[in-house]
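# Survey of secondary and tertiary structure
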Amino acid sequence: FVIITTSHESYEHEKRNIENLVNMRVEGIIACLSQETTDFSHISALKDINMPLILFDRVCLTDQFSSVIADGAQSAQMATQHLLDNGSKRVAFIGGANHLDIVKRRKHGYLEALRDNRIPIEKELVVCRKIDYEEGQIAEQSVKKGESVKAGDTVTVRISSGAGDVPIPDVAGYKSVSYTHLR
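Rules of the game
Residues numbered from 1 in each chain as written. Predicted model: local features only at pLDDT ≥ 70, side-chain atom pairs only at ≥ 80, totals over all residues. Heavy atoms only, no water. Pairing = 2+ DSSP bridges. Helix = DSSP H or I, 4+ residues; strand = E, 2+ residues; numbered from the N terminus. Axes fitted to C-alpha atoms, helices over the stretch in contact; angles between N-to-C directions. Contact = heavy atoms within 4.5 Å. Parallel < 35°, antiparallel > 145°, perpendicular 65-115°, else oblique. Left-handed = near helix turned anticlockwise from the far one by under 90°.

## Observations regarding the sheet that holds strand β3 (residues 66-68)
Overall, parallel pairing links the three strands, which are arranged β1-β2-β3 in an open sheet. Across the chains shown, the open sheet's two edge strands, defined by having one partner strand only, are β1 (29-31) and β3. Direction aside, neighbouring strands of the sheet carry axes that sit 20 degrees apart on average. Pairing of β1 with strand β2 (residues 53-56), which is carried by three bridges, proceeds in the parallel orientation. Each residue of the ladder has a partner; that of Ala31, found in β2, is Leu55.

Structure representation (structure tokens):
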């Protein structure tokens, strides 16, 4: 049978879930790290007990465990390039916390597309915060501050769910959920 747990993006919940699964003597674990996870000792301990582990999306210790990830750098670069090719003048990146490898890769792809097109990087258009609805709204306000976002000329490459009310013509994102709204 299959056991599914959720960390609710909490490091402490993630640790407890892994401990519970080990105590239940599961045969292996497939996991995506929480946004809060920066200490990987609970993950590393699985190697010591020979617990099979496959990490996906948000990964760590890739030299010790198998992982499955998308090419975030390439996909963000392609999405940004697509937006530029279709007339967008300024492209914003609203991503998750900077310590997440997935955010680093996606932001790298976004920045590479800007560099390839000789577009100056505007720091106010690069916002990296925790990924949730409330933080997305804060990121949206940060991008809008100082009228840096104008309808018709700014597009967002984003992975944050709450930044959906920016008045923009196009959005490229990694998450499609019901609480993402476009006006």
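## What about the environment of Cys60?
Of note, Cys60 is situated in the loop between β2 and β3. Taking the C-alpha atoms as reference, Cys60 lies 9.5 Å from Cys32; in sequence the two are 28 residues apart. Ignoring sequence-local partners within four residues, the contact set of Cys60 consists of Leu33, Phe40, Ile43 and Leu55.

## Points about the packing of helix α1 (residues 11-23) against helix α2 (residues 41-48)
With their axes 10 Å apart at the nearest point, α1 and α2 run at an angle of 20 degrees to one another. One way to sum up the angle between α1 and α2 is to call them roughly parallel. Along this stretch, α1 crosses α2, giving a crossing that reads as left-handed. Side by side, α1 and α2 meet where Tyr11, Glu14, Lys15, Ile18 and Val22 of the first sit next to Ser41, His42, Ile43 and Leu46 of the second.

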